[in-house]
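Coordinates in review
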Amino acid sequence: LLRALHYLRLAWRTLTLLVGVAAGSVLVGASTAWLVARTELPWRRFWAVMAVLPLAMPSFVAALALAGATGTSGLASRVLAPLGIGPVPRLEGYWGATLAVVASTAPYVYLLTAAALRRIDPAQEEAARVLGRGPLGAFVAASLPQLRRALAAGALLAALYAVSDFGAVALMRYTTITRAIFTRYEAGFDRTPAAVLGLVLVALAVLLL
């Protein structure tokens, strides 16, 4: 019973991580795609390249960058100290892991959303603005309903990435199923618990799909 409860707790922690990553990736990726495709953003080509650049960066590198930027001796604390601000608390745990994985998965949502926006006639948003809506309101009314499939696909990719991620959660000291599998595998000769957790991970991924 205790082992079953432990497995359920690990599954819950993994589930909360994938929900946070999916939501954060959709927010960041869709917002970036809208700014690049639907606004007069300066240097749009530059920002379009920067939006996909994190694809070349593993999540554990993002986690290392966040860990190095926060904390008492972190870069952010040293920069803000002369201004009388700080120190910046060390980013770790759930929020640290979520932000690190979002940084690595938001480009998936951006690419899918930007491609979908290119297929949508901008005149629809212009018509909404003529009727009195602002730029964001016009996007929500005219384009967002047509982006549901792209956003859902991006959220699914981000969630699956979060389920499989190990490096970011390990560096941020947030225990999910992947980290528990590695711990059990390295703990001793009996690797049955690691195999059971692997089946739980596969079941969670299948359920998500």
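What comes next concerns the included structure. Every value quoted in this text rests on a predicted model; they were computed, and no experiment measured them. (Residues numbered from 1 in each chain as written. Predicted model: local features only at pLDDT ≥ 70, side-chain atom pairs only at ≥ 80, totals over all residues. Heavy atoms only, no water.)

Section: the overall build of the protein
Put simply, the test is: Numbering of helices and strands runs from the N terminus; a helix is a DSSP stretch of H or I covering at least four residues, while a strand is a stretch of E covering at least two. Whether a residue is buried, partly exposed or exposed follows from its accessible area with a 1.4 Å probe, protein chains only, as a fraction of its type maximum: under 20%, in between, or over 50%, in that order. Note that accessible areas follow from Shrake-Rupley with a 1.4 Å probe, and for residues the cover is restricted to the protein chains shown. Asp and Glu are treated as the negative residues and Lys and Arg as the positive ones, with His and the ends of the chain left uncounted. The location of each charge is read from NZ of Lys, CZ of Arg, CG of Asp or CD of Glu.
For the protein, the helix and strand inventory stands at 11 helices and 0 strands. With the C-alpha coordinates aligned to their principal axes, the bounding extent of the protein is approximately 70 × 50 × 25 Å. For the protein, the proportion of its 209 residues judged to be buried stands at 36%. Entry remark: accessible area of the protein is about 12,100 Å², with carbon and sulfur atoms responsible for 69%. Within the protein, the 8 negative side-chain charges are centred at a point lying 4 Å from the centre of the 18 positive side-chain charges.

Re the packing of helix α8 (residues 148-164) against helix α11 (residues 192-208)
Operational definition: With axes taken as lines fitted to C-alpha atoms, and helix axes fitted only over the stretch in contact, angles between N-to-C directions fall between 0 and 180 degrees. Small angles under 35 degrees read as roughly parallel and large ones over 145 as roughly antiparallel, with 65 to 115 read as roughly perpendicular and the rest as oblique. Contacts are assigned to residue pairs that have any heavy atoms within 4.5 Å of one another. Gly falls in the polar group here, along with every residue not listed as nonpolar (Ala, Val, Leu, Ile, Met, Phe, Trp, Tyr, Cys, Pro) or charged (Asp, Glu, Lys, Arg).
Remark: α8 packs on α11, axes separated minimally by 11 Å, with the N-to-C direction vectors making an angle of 175 degrees. It follows that α8 is roughly antiparallel to α11 by the angle criterion. Residues Leu 156, Ala 159, Leu 160 and Val 163 of α8 pack against Leu 201, Leu 204, Ala 205 and Leu 208 of α11. Counted by class, the contact of α8 with α11 contains 8 nonpolar, no polar and no charged residues.

A word on the nonpolar core
As a reminder, the rule being used: Definition of nonpolar core: a set of buried residues of the types Ala, Val, Leu, Ile, Met, Phe, Trp, Tyr and Cys, connected through side-chain atoms within 4.5 Å.
Counting residues in each nonpolar core, the largest one holds 27 residues, and the members touching the most others are Leu 17, Leu 18, Val 21, Ala 97, Ala 162, Ile 177 and Leu 197. Counting residues per element, this core draws most heavily on helix α1 (residues 2-38), at 7 residues. Discounting chain neighbours no more than four positions away, the residues touching Leu 17 are Tyr 94, Ala 97, Thr 98, Ala 162, Val 169, Tyr 174 and Thr 176. Listed in part, the 15 residues of the second largest apolar core include Ala 33, Val 36, Ala 114 and Leu 117.

Some remarks on helix α5 (residues 93-118)
Residues three or four positions apart in an α-helix share a direction because the helix packs 3.6 residues into each turn. Selection criterion: Any helix carries an expected span of 1.5 Å times its number of residues minus one. Given a residue, its bend is the angle between the two axes fitted to the seven residues that end at it and to the seven that start from it.
For α5, with 26 residues, the first-to-last C-alpha span of 38 Å sits near the 38 Å given by 1.5 Å per residue. Within α5, the axis deviates most sharply at Ala 103, by approximately 40 degrees, and proline Pro 107 lies no more than four positions further along.

Topic: a nonpolar patch on the surface
The following threshold applies: Candidate patch residues must exceed 30% relative accessible area and have no salt bridge, after which like charges are joined if within 9 Å and Val, Leu, Ile, Met, Phe, Trp or Tyr side chains if within 5 Å. One side-chain nitrogen of Lys or Arg within 4 Å of one carboxyl oxygen of Asp or Glu is enough to make a salt bridge.
Residues Trp 43, Phe 46, Trp 47, Met 50 and Leu 53 make up a contiguous nonpolar surface patch of about 580 Å² in total accessible area. Along the polypeptide, Phe 46 turns up in helix α2 (residues 44-52).

With respect to the pattern of salt bridges
With the rule as written, the count across this model stands at 2 salt bridges. A salt bridge links Arg 90 to Glu 92, with the nearest nitrogen and oxygen atoms 3.4 Å apart. Look at Arg 90 and you get partly exposed, because its relative accessible area is 40%. By relative accessible area, Glu 92 is classed as partly exposed at 35%. One salt bridge in this structure joins Arg 173 and Glu 92, with 3.8 Å as the shortest N-O distance. Of this pair, Arg 173 sits in the loop between α9 (167-171) and α10 (177-187) while Glu 92 sits in the loop between α4 (75-80) and α5, placing them 81 residues apart in sequence. Counted as one network, the salt bridges with shared partners bring together Arg 90, Glu 92 and Arg 173.

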